[in-house]
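Letter by letter, the chains look like this.
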Protein chains: 4
Amino acid sequence: MSGTETKAAGRPRSAEKDAAILQAALELLASQGYTRMSLSQVAAAAQVSKSTIHLRWKTKADLLTAALAAARMTDTPPPSGDLRTNLVNILKDFAATIERVNGMALIGTCLAEEAHTPELLALLRERTVLPRRTLLRDALEQAQLTGQIREDADLEAAVSALLGPFYADYMAGRGGDPQWAEQAVDLVLAGTRAGN
Amino acid sequence: MSGTETKAAGRPRSAEKDAAILQAALELLASQGYTRMSLSQVAAAAQVSKSTIHLRWKTKADLLTAALAAARMTDTPPPSGDLRTNLVNILKDFAATIERVNGMALIGTCLAEEAHTPELLALLRERTVLPRRTLLRDALEQAQLTGQIREDADLEAAVSALLGPFYADYMAGRGGDPQWAEQAVDLVLAGTRAGN
Amino acid sequence: MSGTETKAAGRPRSAEKDAAILQAALELLASQGYTRMSLSQVAAAAQVSKSTIHLRWKTKADLLTAALAAARMTDTPPPSGDLRTNLVNILKDFAATIERVNGMALIGTCLAEEAHTPELLALLRERTVLPRRTLLRDALEQAQLTGQIREDADLEAAVSALLGPFYADYMAGRGGDPQWAEQAVDLVLAGTRAGN
Amino acid sequence: MSGTETKAAGRPRSAEKDAAILQAALELLASQGYTRMSLSQVAAAAQVSKSTIHLRWKTKADLLTAALAAARMTDTPPPSGDLRTNLVNILKDFAATIERVNGMALIGTCLAEEAHTPELLALLRERTVLPRRTLLRDALEQAQLTGQIREDADLEAAVSALLGPFYADYMAGRGGDPQWAEQAVDLVLAGTRAGN
DNA sequence: AATGAATGAGGATTCATTCAT
DNA sequence: AATGAATGAATCCTCATTCAT
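Residues numbered from 1 in each chain as written. Chains lettered and ligands numbered in written order. Predicted model: local features only at pLDDT ≥ 70, side-chain atom pairs only at ≥ 80, totals over all residues. Heavy atoms only, no water.

Caption draft 1: Structural context of the overall build of chain A. The secondary structure content of chain A amounts to 9 helices and 0 strands. In chain A, the succession of helices and strands from N to C terminus is α-α-α-α-α-α-α-α-α. Against the 2.2 N^0.38 benchmark of 16 Å for 196 residues, chain A shows a C-alpha radius of gyration of 20 Å, more extended than a compact globule. Overall, the C-alpha framework of chain A stretches about 70 × 45 × 30 Å when taken along its three principal axes. Across chain A, contacts joining residues at least 24 apart in sequence account for 67% of those joining residues at least 6 apart. (Helix = DSSP H or I, 4+ residues; strand = E, 2+ residues; numbered from the N terminus. Rg over C-alpha atoms; globule rule 2.2 N^0.38 Å. Contact = heavy atoms within 4.5 Å.)

Caption draft 2: Highlighting the pattern of salt bridges. Following the criterion strictly, the structure yields 48 salt bridges over all chains and no others. A salt bridge links Arg174(D) to Asp169(D); its shortest N-O distance comes to 2.5 Å. Summarising the burial analysis for this pair, Arg174(D) and Asp169(D) share the class buried. With a shortest N-O distance of 3.3 Å, Asp177(D) and Arg174(D) are connected by a salt bridge. The buried category is assigned to Arg174(D), whose relative accessible area is 19%. Connected through salt bridges with shared partners, the residues Arg133(A), Arg137(A), Glu141(A) and Glu156(A) form a single ionic network. (Salt bridge = Lys/Arg side-chain N within 4 Å of Asp/Glu carboxyl O. Buried < 20%, exposed > 50% of the residue type's maximum accessible area, 1.4 Å probe, protein only.)

Caption draft 3: Region of the structure containing the relation of the copies chain A and chain B. You can overlay chain A on chain B at an RMSD of 0.3 Å; the transform is a turn of 179 degrees with a shift of 0.0 Å along its axis. Taken together, the rotation and translation describe the operation of a two-fold axis. Comparing interface residues between copies, 100% of those in chain A also lie at the interface in chain B; the contact surface is shared. (Least-squares fit on C-alpha atoms with pLDDT ≥ 70 in both.)

Caption draft 4: Spatial organisation of the interface of chain A and chain B. Chain A puts 45 residues into the contact, and the matching count from chain B is 45 residues. Summed over both partners, the interface of chain A with chain B comes to about 3600 Å²; 63% of that surface belongs to carbon and sulfur atoms. The largest share of the area that chain A buries against chain B comes from Arg36(A), Met171(A) and Leu187(A), three residues that together contribute 20% of it. Our count for the contact surface shared by chain A and chain B stands at 2 salt bridges. Taking the shortest distance from any N to any O, the salt bridge between Arg36(A) and Glu113(B) comes out at 2.3 Å. (Buried area = accessible area lost by both parts, 1.4 Å probe.)

Caption draft 5: Structural view of the arrangement of the chains. No interface is formed between chain A and chain C, the nearest pair of C-alpha atoms being 31 Å apart. The two partners chain B and chain D share no contact, and the minimum distance between any of their C-alpha atoms is 21 Å.

Caption draft 6: Looking closely at the interface of chain C and chain D. Taken residue by residue, the interface counts 45 residues in chain C and 45 residues in chain D. Carbon and sulfur atoms supply 62% of the area that chain C and chain D bury against each other, a total of about 3600 Å² over both sides. The three residues of chain C that bury the most area against chain D are Arg36(C), Met171(C) and Leu187(C), which together make up 20% of that side's buried surface. Viewed at the interface, chain D and chain C are joined by 2 salt bridges. When residues of the side of chain C that touches chain D are traced back to their parent elements, those giving at least two are helix H1 (15–32), helix H6 (103–112), helix H7 (118–145), helix H8 (155–172) and helix H9 (180–192) of chain C. A per-class count over the side of chain C that touches chain D returns 23 nonpolar, 13 polar and 9 charged. (Nonpolar A, V, L, I, M, F, W, Y, C, P; charged D, E, K, R; others polar.)

Caption draft 7: Quick look at the side chain of Asp169(C). Along the polypeptide, Asp169(C) turns up in helix H8. Look past the residues within four positions of Asp169(C) in its chain and what remains in contact with it is Arg174(C), Gly175(C), Asp177(C), Trp180(C) and Ser160(D).

Caption draft 8: The protein's contact with DNA strand E, seen in detail. Of all residues adjacent to DNA strand E, which total 43 residues, the nearest are Ser51(B), Arg56(B), Arg11(C), Ser51(C) and Arg56(C). Counting only atoms of DNA strand E within 4 Å of the protein, the sugar-phosphate share comes to 63%. Take Ser14(B): an N or O atom from its main chain is 3.3 Å from a phosphate oxygen of DNA strand E. Take Ser49(B): an N or O atom from its main chain is 3.3 Å from a phosphate oxygen of DNA strand E. Mapped by element, the contributors of at least two residues to the surface near DNA strand E are helix H3 (50–56) of chain A, helix H3 (50–56) of chain B, helix H3 (50–56) of chain C together with helix H3 (50–56) of chain D. Counting residues per element, the surface near DNA strand E draws most heavily on H3(B), which supplies 5 residues. (Near = heavy atom within 4 Å. Polar contact = N/O pair within 3.5 Å; in protein donor to acceptor, adjacent residues only side chain to side chain.)

Caption draft 9: Summary view of the domain arrangement of chain A. Residue and element names in this part refer to chain A. Here chain A is described as being made up of domain 1 (15–70) and domain 2 (83–192). Here domain 1 and domain 2 have C-alpha centroids that lie 28 Å from each other. Listed by partner, the interface residues are 12 residues for domain 1 and 13 residues for domain 2. Between domain 1 and domain 2 the total buried area reaches about 970 Å² when both faces are included, carbon and sulfur atoms providing 71% of it. Per-residue buried area on domain 1 facing domain 2 is highest for Ala-30, Tyr-34 and Leu-68; these three make up 52% of the total on that side. One can count 0 salt bridges joining domain 1 with domain 2. Elements with a minimum of two residues in the side of domain 1 that touches domain 2: helix H1 (15–32) and helix H4 (60–70). A total of 5 residues in the side of domain 1 that touches domain 2 trace back to one element, the largest contributor, which is H4. A class-by-class count of the residues in the side of domain 1 that touches domain 2 yields 8 nonpolar, 4 polar and no charged. (Domains from an automatic or database assignment.)

Caption draft 10: Region of the structure containing the UniProt feature "DNA-binding region" (unreviewed entry) in chain A. When the UniProt feature table is mapped onto this chain numbering, "DNA-binding region" (unreviewed entry) sits at residues 38–57 of chain A. With 75% helix and 0% strand, residues 38–57 of chain A has end C-alpha atoms that lie 14 Å from one another. (UniProt positions renumbered as here; feature names shortened; annotations may be inferred.)

Caption draft 11: Structural context of the packing of aromatic side chains. One pass over the structure, following the stated rule, counts 16 aromatic pairs over all chains. With a centroid separation of 6.0 Å and 70 degrees between ring planes, the pair formed by Phe94(A) and Tyr167(A) is classed as edge-to-face. Placement of the pair is Phe94(A) in helix H5 (residues 83–100) and Tyr167(A) in helix H8 (residues 155–172), with a sequence separation of 73 residues. On the accessibility criterion, Phe94(A) (7% relative accessible area) is buried. An angle of 65 degrees between the planes, with centres 5.1 Å apart, marks the rings of Phe94(C) and Phe166(C) as edge-to-face. Separated by 72 residues along the polypeptide, Phe94(C) in helix H5 (residues 83–100) and Phe166(C) in helix H8 bring together distant segments of the chain. When its relative accessible area of 9% is taken as the criterion, Phe166(C) is described as buried. Over the ring of Tyr170(D) we find Arg125(C); its NZ or CZ atom is 5.9 Å from the centre of that ring. (Phe/Tyr/Trp six-rings, centres within 6.5 Å; stacked < 30°, edge-to-face > 60°. Lys NZ or Arg CZ within 6 Å of the ring centre and 35° of its normal.)

Structure representation (structure tokens):
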């Protein structure tokens, strides 16, 4: 980071291969799970030899950690003037992202591997969960300032109340309900409205 | 013909072994995940030979399906006269059960395996998620009858709002917050109170 | 054999089961080969438990030896007044029997197992090959007496010359040639005709 | 593009190992039979890891097919001016080869496996049976041209008459008779002699 | 006698990783 | 740098056999 590195001798590593490997790894992690996915599959999908992977990441866990770390799964939030609309939009983007990347399986993998490779869940939190929570929290704080929400409301709990129904619905097999975001927002706004 | 059951020929199958295998399988499923867990581990944990397992269940998937199916993870609900107390108790029992059986890892495994062994998630829903939801829903319906909750409230959404924060908290790394159940109940009751 | 046996106490063994097991074993030996065939398959085919098999024969080799020993695969020869017709009929019955019982596979199995279970090939010889050879040899000896065949002809070699083309044809992939028996007989008769 | 062969990347595959594996496989196929032989045995005999085998051949059947295909079991025919001597030499070489490679057991294995792995018998035919038959047939055709054998003689049948006694003798337990080749040749020549 | 349970040994195959080119 | 070869450990599963009922 501070310029101490000598310029690497020999052929430089191909950046395209780096990217292809990481992407393939992430997709396979989501579709197969940690243990079921094999490095051969990653190599095949990335059009690269297995050794090329090991040249960059020492172990399977290293590779998958890197793949999760490289994942950018929070889109920039959609702007709007209205609190309710803002919240609903963030939640809908959240759901769309999860659907797009086979996210529930990926979440499942990270949960299942927590005992063996806790970095996975940690990274998932850091890269995908927490940024989204920050967006929601910022919106709620703004609403607190404007008096739309009680001052003493627990905003972290409110954020969990906004996101939670998505998980609960999925677990119940009622995932995909088009109303869920609006219902969650309305419930939270009703429950935290100033003057209640 | 007087009794419907003919006495089974041969040596009877050991019920203790049945139970030991299923329990070991479930614990390992939670602690290791589907693919990482091996039948050898199950056999060792249950003090049984691998063949004894295969005698009862043809494949690994069969065994784990049976283990999940046999799991009784919803305790009988604690009775109480007060709506709020009832709901909180159900939620706390829910959380306690999940902690007791390493439930988030188990849920993760079922989510991760959904593409390959969908029966796992289906069973988890049927045996653990839906019974708990039914308890909550019954309590809410009662409250609707007594006028504590609006008649037009979407009770399924309310149930998801009650359970959801638990998942969301866990994903955010704030699992174990002792307040979550009360907060969730209060929010839902506030948001669906009749006369709002 | 000399009356020394005490009358067996307890329930006598079922003769039907004996027969069913032996027949199933022989069929599976032919269709699957020694190693590939399993005692479970035999048990299932004979509608009997595996233990019932082991009760009668101590090992797999014992069972299959018994099955081969019990096999009666030489039909009584068809009578006729003419030497050539007699020989052709014997050969055709030979070929028909082999086709009926999947004989080439059975022969193959006995050959393949010769190093491990030489009794199989020995029994096959004793029960199926040699009786047929005796039929042929008897007919040739009769022909020698009537002067149709040279006195100094090697009859064992002649018998092999009669049967051999069947094997050679099969190995060459030309098994089933309808002419083979007549051609073999004609060749042998021409080659051993008295006065050549 | 000037040379058609690009230099293969990576470490080249060891030709010695290839050969050692194939030879070990063939020997074990003959001595143990298809099902009894294990890849572990092959690996041990070839001083190679099991994975090295799987790297080259995906399945056991593939390996054994390749081993049979690689086997060169027909020596170049011995030249001679005399028809009878030629035929006898070919037959004796045939018998010698079979003895050398435990050929009857190998043949037995291929016959026994015909229902499950028909490629084995097919290859055995193509690589060992048919080439030898071609040698014999060529010699007989030559003899037909020079008038030593009747023009209308069925040469394929004659070839089977030459080879057949070997199989028949073996099945009768009289294999190894030193006279068989001469006797077979004499019989065929006598039976097909022009002018009979 | 007959059955089903129980087991230990062994099978083919896959995988993450290390080596040689 | 990049590749393919090589490997040891581990996996699920099958089988012949022995035990308990």
